[in-house]
Number of protein chains: 2
Amino acid sequence: MNVNFAERAHNHNWKLDPIVRSLLDTDFYKLLMLQFIWKNFPKIHVTSEVTNRTVSVRLSEHIPIAMLVDQMEHVRGLRFRRSEIIWLAGNTFYGTRSIFEPAFLEWLERDFRLSDYTVTEHDGQIVVRFEGLWTEVTMWEVYGLALVSEMKTRAALSTLSELELDVLYAQAKTKLWEKMERLREVPEIRISEFGTRRRHSFLWQEYVVEVMRMALGPSLSGTSNTFLAYKHDLEAMGTNAHELPMAMAALANDDEELHASQYRVLELWQKSYGGELLIMLPDTFGTTQFLAGAPDWVADWTGQRCDSKDPFVAGDEYVAWLTERGRDAKKKRLIASDGLDVEDILRLHEYFHGRIRFSAGWGTLLTNDFRGCHPRGETALEPISLVCKLMTVGGRPAVKLSDNARKSTGPVEEIARYRRVFGSVAVMGALVTV
Amino acid sequence: MNVNFAERAHNHNWKLDPIVRSLLDTDFYKLLMLQFIWKNFPKIHVTSEVTNRTVSVRLSEHIPIAMLVDQMEHVRGLRFRRSEIIWLAGNTFYGTRSIFEPAFLEWLERDFRLSDYTVTEHDGQIVVRFEGLWTEVTMWEVYGLALVSEMKTRAALSTLSELELDVLYAQAKTKLWEKMERLREVPEIRISEFGTRRRHSFLWQEYVVEVMRMALGPSLSGTSNTFLAYKHDLEAMGTNAHELPMAMAALANDDEELHASQYRVLELWQKSYGGELLIMLPDTFGTTQFLAGAPDWVADWTGQRCDSKDPFVAGDEYVAWLTERGRDAKKKRLIASDGLDVEDILRLHEYFHGRIRFSAGWGTLLTNDFRGCHPRGETALEPISLVCKLMTVGGRPAVKLSDNARKSTGPVEEIARYRRVFGSVAVMGALVTV
């Protein structure tokens, strides 16, 4: 009777169901950083790499490389659309209009391209390497991670019947709703959706954001996903990442410049951005040494994001440091973003409430929490720890120490040199699950 | 892009979304009883009435009477389809072919009609009264109950947004799946779906049956819904209801005939049906007196369904009676069907396992368990206790005593007379919730 013949024919013939539908489908901070790189480092060459820290999951046994390449080529064929550029130009971000320069937007629309890449298999893992100008490589991070993450999802879903899929999603939705009901009890809580890179799928992330808006109202500060912010009139959230201090450290010519680079990046950043965008990420080479050695103007920044240290400890340390520097912690912002789930968010909110403006950046365990939802009890849909890290900058190795030694990256000898220069000690933090 | 214009246009124009889609969408026992009535009581006039025992829910404030009438007229316009009649003729029911006589099927296809009715409002309730030949009135029971039940559902759903509806169904599906996971732990368990009359909706009942088949495999004995049995190649389950002993009691001309009528109905039934269809329903006028006064041949029947007495007590009583009558209880069947949920089923199975062949007839709390699923915490989707009972037979009042005095029906003075004749005492059982 009521058959949509065109749709049926398309469904059994289509070549590609795209995972990344728009170049805006990335974290907002990538666009801020892209403008920063375009302006300050337009000629620097870098390499970066997608790897899976959850080595027990052998991705190459699930994801056909040819299909991943098809998806990557689809992304490489995308362009920023006119309406998207107009939105970036005309929208207010963190209360500021014209955060993107006209020349940058013109370049973004006309000249932006993604770098070349290679996809190889190694010891059961898929390794994706990007190489080119920093402006061409940087944007691959979120697209690449989201592609691998959703390819893994699709491989797992392909083993389920239609009814099993229905049960799977019903359970995941119920799990999400239970989290919303917990959070609704605390109306002052502030949460941003930060889960693009390791999401179950784009459509699931969109569903999650819509449910959050309905359930949480003003407790949802916004989403880091620029496309979802654009499509659903939400605030685009996020400022910057480890990529910047790592690159500036790699570009330093001696140990003294290396040590200074962690503050130099802040100086450069505040030439471009102000206000709520002045959120520092002090853990790249160890938070404690960063705060101890910071020039006084660093304490004027709006807040910090803690991404590897126990956020209770990191927050206390930040509040004490602000007090010591004569600043009022109550006017500063603390953002936790490392593997949070609903109970962490509730406890952190309660702990810091009234002492500092706390917000949660909720990622993987928001947009990819299918733990316990598989109708046959399998674990194939549980999230894994996918990362994309800078490997070299201007031909030199890139290093991150982090507050959790399990999250450090770079060649062993370089890590040792960095530890010497920054005087930070390796601390084994929590096991990295996501 | 991919718009099905015909579907969209239909969706915003349609006159009626039918609740009952086929005359087969009824409990299988209604068809067995219809053949019985057609054969033995073709001239008897009866009246029956749909009422809501959950008086706290004021149905007339939610269900527009005109819309209910539209749905009833739609059902009255339905005919048994050729393919349905062929299926009734050719299918095997309880291992028996040709359970329906050709003459009956011919009558069903050509002459079957539903009686006239009136719909009125009384004290916040909707009262639907049916009047006509017993063969015309009897089939209204399940259609009428299912219509009122789904109209109530639709009224409650109309207050929810699309996303809230999605959350509602996700939670209901999860709740259903959790029940399935509990039952899967006991592969020997046997369950029939008995939830047509008080279902959330037809489509939800169909979903439940499909999930049960996937999750439970052979533990799902079948469904009482004839249309679902036909559509999904399942066993059609069910035998007979209180309607028959109530009618034969009403037709009795004196107290002696009245007392004998409860066995007379079994005699008549076994002239038409055998084997697994010989399931008695001993609680119409009190189980204890029924068993005590039963002629010996009654103990040859295949089993009993307990529908108002505590099933642990009723089962023990039946096993003891069978033993006393020299029959092997292990070869008999015990069916519980009164307001069961998953825990009751598991406990009853464990209690009777190895002593008697136990099966659960799972109704309202299978096909309409939305308790706790409303995204705003409202109770509008919780099931209510809708019933459709014979009021008069051949102009005389119809009476049910039941093992639970809360479930007795009929005029007070008639109930008193029946209690005297049957010597059964009024026992207050559990509160009737569904």
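This structure is a prediction, so every number in the text was calculated from the model and none was measured.

Participant: Provide a residue-level description of the sheet that holds strand β6 (residues 191-193) of chain B, including the pertinent values.
Facilitator: Residue and element names in this part refer to chain B. If you trace the six strands from one edge of the open sheet to the other, you get β7-β6-β11-β10-β9-β8, paired in parallel fashion. Each edge of the open sheet carries a strand with a single partner, namely β7 (220-223) and β8 (279-280). In this structure, β6 lies alongside strand β11 (residues 357-362), joined through three bridges in parallel fashion. Bridging from a neighbouring strand, I191 pairs with A360 of β11. Helix α15 (residues 342-352) rests against β6, β10 (333-336) and β11 of the sheet, and its axis sits at about 170 degrees to β11.

Participant: Describe in detail the interface of chain B and chain A, supporting the description with residues and values.
Facilitator: Taken together, the contact between chain B and chain A spans 21 residues of the former and 21 residues of the latter. For the pairing of chain B and chain A, the buried interface totals around 1800 Å² over both sides, and the portion due to carbon and sulfur atoms is 58%. Among the residues of chain B in contact with chain A, B:L163, B:W177 and B:M214 are the three that bury the most area, contributing 26% of the side total. On inspection of chain B and its partner chain A, the count reaches two salt bridges. Measuring nitrogen to oxygen at the nearest pair gives 2.9 Å for the salt bridge that ties B:D166 to A:K173. Applying the counting rule to chain B against chain A returns 11 residue pairs in polar contact (both at pLDDT 80 or more). Elements that contribute at least two residues to the side of chain B that touches chain A include exactly α8 (162-184) and α9 (202-216) of chain B.

Participant: Account for the packing of helix α14 (residues 311-324) of chain A against helix α15 (residues 342-352) of chain A, with residues named and values stated.
Facilitator: All names here are of chain A. One can describe the packing of α14 onto α15 by two numbers: an axis separation of 11 Å at closest approach and a directional angle of 20 degrees. It follows that α14 is roughly parallel to α15 by the angle criterion. Every pair of crossing elements has a handedness; the one defined by α14 and α15 is right-handed. Note on element contacts: α15 touches α14 through R347, L348, Y351 and F352, opposite P311, F312, G315 and D316. For the contact of α14 with α15, a count of residues per class yields five nonpolar, one polar and two charged.

Participant: Tell me about the domain arrangement of chain A, and name the residues and values.
Facilitator: Residues and elements named next belong to chain A. Split into domains, chain A comes out as domain 1 (14-159 + 388-421) and domain 2 (162-367). The centre of domain 1, based on its C-alpha atoms, is set 19 Å off from the matching centre of domain 2. Counting residues at the interface gives 59 residues for domain 1 and 56 residues for domain 2. For the pair domain 1 and domain 2, the two sides together bury roughly 5000 Å², of which 59% comes from carbon and sulfur. A per-residue breakdown of the area domain 1 buries against domain 2 is headed by F36, Y94 and D403, which together make up 15% of the total. Taken together, domain 1 and domain 2 are joined by six salt bridges. With a closest N to O distance of 2.9 Å, K407 and D338 form a salt bridge. Mapped by element, the contributors of at least two residues to the side of domain 1 that touches domain 2 are α2 (28-40), α4 (82-90), β2 (92-93), α7 (140-157), β12 (386-393), β13 (396-397) and α17 (412-422). Per element, the largest residue contribution to the side of domain 1 that touches domain 2 is 11 residues, and it comes from α2. Grouping the amino acids of the side of domain 1 that touches domain 2 by side-chain chemistry returns 30 nonpolar, 13 polar and 16 charged.

Participant: Now, about the relation of the copies chain B and chain A: what can you tell me, with residues and values included?
Facilitator: In screw terms, the move from chain B to chain A is a rotation of 180 degrees and a rise of 0.0 Å along the axis, fitting with an RMSD of 0.0 Å. When the rotation and shift are considered jointly, the pair of chain copies conforms to a two-fold rotation axis. Measuring from the rotation axis to each C-alpha of chain B, the shortest distance belongs to B:A170, at 2.1 Å. With an isologous cut-off of 70% or more, the 100% of interface residues of chain B that recur at the interface of chain A puts this contact in the isologous class.

Participant: How would you sum up the environment of B:A9? Please name residues and give values.
Facilitator: Counting through the fold element by element, B:A9 comes out in helix α1 (residues 5-11). Along the chain, B:A9 and B:V119 lie 110 residues apart, while their C-alpha atoms are 32 Å from each other.

Participant: Quick rundown of the environment of B:L278? Include the residues and the values.
Facilitator: All names here are of chain B. Tracing the sequence through the fold places L278 in the loop between α12 (255-272) and β8. Residue L278 is classed as buried on the basis of its relative accessible area, which comes to 11%. In the structure, L278 is positioned 51 residues away from F227 in sequence and 23 Å away in space, judged by C-alpha atoms. Once residues within four sequence positions are removed from consideration, L278 is found in contact with W269, Q270, Y273, W301, T302 and G303.

Participant: Help me get a handle on the packing of aromatic side chains, residues and values and all.
Facilitator: All names here are of chain A. Counted according to the given criterion, the structure contains 64 aromatic pairs over all chains. Aromatic side chains F93 and F100 sit 5.8 Å apart centroid to centroid with 80 degrees between the ring planes, which places their arrangement in the edge-to-face category. When its relative accessible area of 3% is taken as the criterion, F100 is described as buried. One aromatic cluster is present, formed by F28, W38, F80, W87, F93, F100, F104, W107, F112, F202, F227 and Y230 through successive ring pairs.

Participant: Account for helix α14 (residues 311-324) of chain B, with residues named and values stated.
Facilitator: Residue and element names in this part refer to chain B. Relative to the 20 Å expected for 14 residues at 1.5 Å per residue, α14 spans 19 Å between its end C-alpha atoms, a close match to the ideal helical length. P311, F312, A314, G315, E317, Y318, V319, W321 and L322 are the residues of α14 that are buried. G326 sits one or two positions beyond α14 and adopts a positive phi of about 75 degrees.

Participant: Explain unusual backbone geometry to me, and be specific about the residues and the numbers.
Facilitator: Residues and elements named next belong to chain A. Unlike most non-glycine residues, D123 shows phi in positive territory, near 55 degrees. Looking at the element boundaries, D123 is found in the loop between β4 (116-122) and β5 (125-133). At S402, a position not held by glycine, the phi torsion is positive, near 70 degrees. Its location among the elements puts S402 in the loop between β13 and α17. Its relative accessible area of 6% is what places S402 among the buried residues.

What counts, and where the lines are drawn
- Residues numbered from 1 in each chain as written.
- Chains lettered and ligands numbered in written order.
- Predicted model: local features only at pLDDT ≥ 70, side-chain atom pairs only at ≥ 80, totals over all residues.
- Heavy atoms only, no water.
- Pairing = 2+ DSSP bridges.
- Helix = DSSP H or I, 4+ residues; strand = E, 2+ residues; numbered from the N terminus.
- Contact = heavy atoms within 4.5 Å.
- Axes fitted to C-alpha atoms, helices over the stretch in contact; angles between N-to-C directions.
- Buried area = accessible area lost by both parts, 1.4 Å probe.
- Salt bridge = Lys/Arg side-chain N within 4 Å of Asp/Glu carboxyl O.
- Polar contact = N/O pair within 3.5 Å; in protein donor to acceptor, adjacent residues only side chain to side chain.
- Parallel < 35°, antiparallel > 145°, perpendicular 65-115°, else oblique.
- Left-handed = near helix turned anticlockwise from the far one by under 90°.
- Nonpolar A, V, L, I, M, F, W, Y, C, P; charged D, E, K, R; others polar.
- Domains from an automatic or database assignment.
- Least-squares fit on C-alpha atoms with pLDDT ≥ 70 in both.
- Buried < 20%, exposed > 50% of the residue type's maximum accessible area, 1.4 Å probe, protein only.
- Phe/Tyr/Trp six-rings, centres within 6.5 Å; stacked < 30°, edge-to-face > 60°.
- Expected span 1.5 Å × (residues − 1).

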